[in-house]
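Architecture at a glance
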Amino acid sequence: MSERYYQPSNVEDALREVQKLFNSYRSAPLTQELLDYHENLVNRLTGDLREAAQTEHRPDLVTATTEMARAMRGWTTVRLQGQPYAGRLRHFKFVSDATGPKFKRHVVKDHGSGTHRSSRH
């Protein structure tokens, strides 16, 4: 029964798990169950995890819990208005979906592929 629950080894590990969980449900349809689960995660961030980061003397993780909680509260606001949440958590910070790698493309006639587009990196 104990293998059912995830036991983080330190605060950073726990924050990484919360980040992974949030990113997995950020685009899911809203239900009361999901909102309760989300509120529980936010309360964990602002309570247990912040205290644990302070006892580990990691001020960077204390600020990370604050930023993650702020971003996750913003998710609640945006989703309750019926709009899609245009972002995710990455390295314990909010990152907009628009900020990703951009690949320039131009036509290359290499006679090998059906489409004449490739991106060279």
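Structural data are supplied above this passage.
Residues numbered from 1 in each chain as written. Predicted model: local features only at pLDDT ≥ 70, side-chain atom pairs only at ≥ 80, totals over all residues. Heavy atoms only, no water.

1. Details of the overall build of the chain
Assigned secondary structure in the chain consists of three helices and four strands. Going residue by residue from the N terminus, the α and β elements of the chain occur as α-α-α-β-β-β-β. Accessible surface, the chain: about 8800 Å² in total, of which carbon and sulfur atoms supply 52%. (Helix = DSSP H or I, 4+ residues; strand = E, 2+ residues; numbered from the N terminus. Areas by Shrake-Rupley, 256 points an atom, 1.4 Å probe, with all protein chains shown as cover.)

2. Overview of the pairing of strand β2 (residues 93–96)
In the sheet, strand β1 (residues 87–90) pairs with β2 via four bridges, with the strands oriented antiparallel. Across the sheet, Arg88 pairs through a bridge with Val95, a residue of β2. The hairpin turn running from β1 into β2, its antiparallel successor, is two residues long, and His91 in that turn takes a positive phi close to 55°. (Pairing = 2+ DSSP bridges.)

3. Brief notes about the packing of helix α2 (residues 32–55) against helix α3 (residues 59–80)
For any two helices packed against each other, the geometry is given by the interaxial angle and the distance between the axes. The geometry of α2 relative to α3 is characterised by a closest axis approach of 9 Å and an angle of 165° between their N-to-C directions. Relative to α3, α2 is oriented roughly antiparallel. The way α2 lies across α3 gives a crossing that is left-handed. Listed contacts from α3 to Leu34, Leu35, His38, Leu41, Val42, Leu45, Thr46, Leu49, Arg50, Ala53 and Gln54 of α2 are Leu61, Val62, Thr65, Thr66, Met68, Ala69, Met72, Arg73, Trp75, Thr76 and Leu80. Classifying every residue of the contact of α2 with α3 gives 14 nonpolar, six polar and two charged. (Axes fitted to C-alpha atoms, helices over the stretch in contact; angles between N-to-C directions. Parallel < 35°, antiparallel > 145°, perpendicular 65-115°, else oblique. Left-handed = near helix turned anticlockwise from the far one by under 90°. Contact = heavy atoms within 4.5 Å. Nonpolar A, V, L, I, M, F, W, Y, C, P; charged D, E, K, R; others polar.)

4. As for α3
Given 3.6 residues to a turn, an α-helix orients residues that are three or four positions apart in the same direction. With 22 residues, α3 ought to run about 32 Å at 1.5 Å a step, and its terminal C-alpha atoms sit 32 Å apart, in line with that. Within the sequence span of α3, burial applies to Leu61, Val62, Ala64, Thr65, Met68, Ala69, Ala71, Met72, Trp75, Thr76 and Arg79. Elements that come into contact with the buried residues of α3 comprise α1 (11–25), α2, β1 and β2. (Expected span 1.5 Å × (residues − 1). Buried < 20%, exposed > 50% of the residue type's maximum accessible area, 1.4 Å probe, protein only.)

5. Topic: the pattern of salt bridges
Side chains carrying opposite charge are able to pair once their charged atoms draw close together. Considering all chains together, one arrives at seven salt bridges under this definition. Asp48 is paired through a salt bridge with Arg44; the nearest N and O atoms lie 3.2 Å apart. Here the residue Asp48 and the residue Arg44 both occupy positions in helix α2, the gap between them amounting to four residues, near one helical turn. For Arg44, a relative accessible area of 44% puts it in the partly exposed group. (Salt bridge = Lys/Arg side-chain N within 4 Å of Asp/Glu carboxyl O.)

6. Examining the packing of aromatic side chains
With the rule as written, the count across this model stands at six aromatic pairs. Each ring, one from Phe22 and one from Tyr85, has its centre 5.9 Å from the other, and the planes form 85°; the classification is edge-to-face. Of this pair, Phe22 sits in helix α1 while Tyr85 sits in the loop between α3 and β1, placing them 63 residues apart in sequence. According to the relative accessible area criterion, Phe22 is buried, its value standing at 0%. (Phe/Tyr/Trp six-rings, centres within 6.5 Å; stacked < 30°, edge-to-face > 60°.)

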